[in-house]
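Each chain, written out:
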Amino acid sequence: MQATLASTHLARPGRPVVVARTLAELAGPTGGMVELPVRLMWSSERTFDLAEPDDLLWLYENVLRETTRADDLRALIDGRTLRRVWRRLNLPRGVRQAWESRHRGLRTA
């Protein structure tokens, strides 16, 4: 399954937002410890405890902002969890707009 590149929306200058075609395809972990690859987070502290609400938000914010690969979305983000925490995520305007354009239900999540 391929993700949609939201070319009219940028995560940051020069980086198009990658958006999953469906929230159902996002089957990332919902608990435990998750370590992000260096390409998504350059810090030496790249491990997140998904039981900690702040860690979960920080992981999702980094993945949604930094990824250039649909596989990252499917492996690291859970669709139901994304919907639950959507309003609490601190995202660049372009990321939020791209995701809400594709997944209108997030607007009211």
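Residues numbered from 1 in each chain as written. Predicted model: local features only at pLDDT ≥ 70, side-chain atom pairs only at ≥ 80, totals over all residues. Heavy atoms only, no water.

Draft legend 1. Structural context of the overall build of the protein. If you tally the helices and strands in the protein, you get four helices and four strands. Taken against the 2.2 N^0.38 rule, which gives 13 Å for 109 residues, the C-alpha radius of gyration of the protein at 13 Å falls within 12% of a compact globule. Taking the principal axes of the C-alpha coordinates as reference, the protein spans close to 35 × 30 × 25 Å. Counting the 109 residues in the protein, one finds 49% classified as buried. Contacts spanning at least 24 positions in sequence make up 54% of the contacts within the protein whose residues lie at least 6 apart. If the 18 positive side-chain charges of the protein are averaged to one point and the 13 negative ones to another, these points end up 10 Å apart. (Helix = DSSP H or I, 4+ residues; strand = E, 2+ residues; numbered from the N terminus. Rg over C-alpha atoms; globule rule 2.2 N^0.38 Å. Buried < 20%, exposed > 50% of the residue type's maximum accessible area, 1.4 Å probe, protein only. Contact = heavy atoms within 4.5 Å. Lys, Arg positive; Asp, Glu negative; His and termini not counted. Charge placed at Lys NZ, Arg CZ, Asp CG, Glu CD.)

Draft legend 2. How the structure looks around the packing of aromatic side chains. Counting across every chain of the model gives one aromatic pair. For the pair Trp-86 and Trp-99, a centre-to-centre distance of 6.5 Å together with 45 degrees between the ring planes defines the contact as tilted. With Trp-86 in the loop between helix H3 (79-85) and helix H4 (93-102) and Trp-99 in helix H4, this pair connects stretches of sequence that are 13 residues apart. With respect to class, Trp-86 is no different from Trp-99; both count as buried. The positively charged end of Arg-96 is found above the aromatic ring belonging to Trp-86, 4.9 Å away from the centroid. (Phe/Tyr/Trp six-rings, centres within 6.5 Å; stacked < 30°, edge-to-face > 60°. Lys NZ or Arg CZ within 6 Å of the ring centre and 35° of its normal.)

Function cannot be inferred from these measures alone, as they are strictly geometric.
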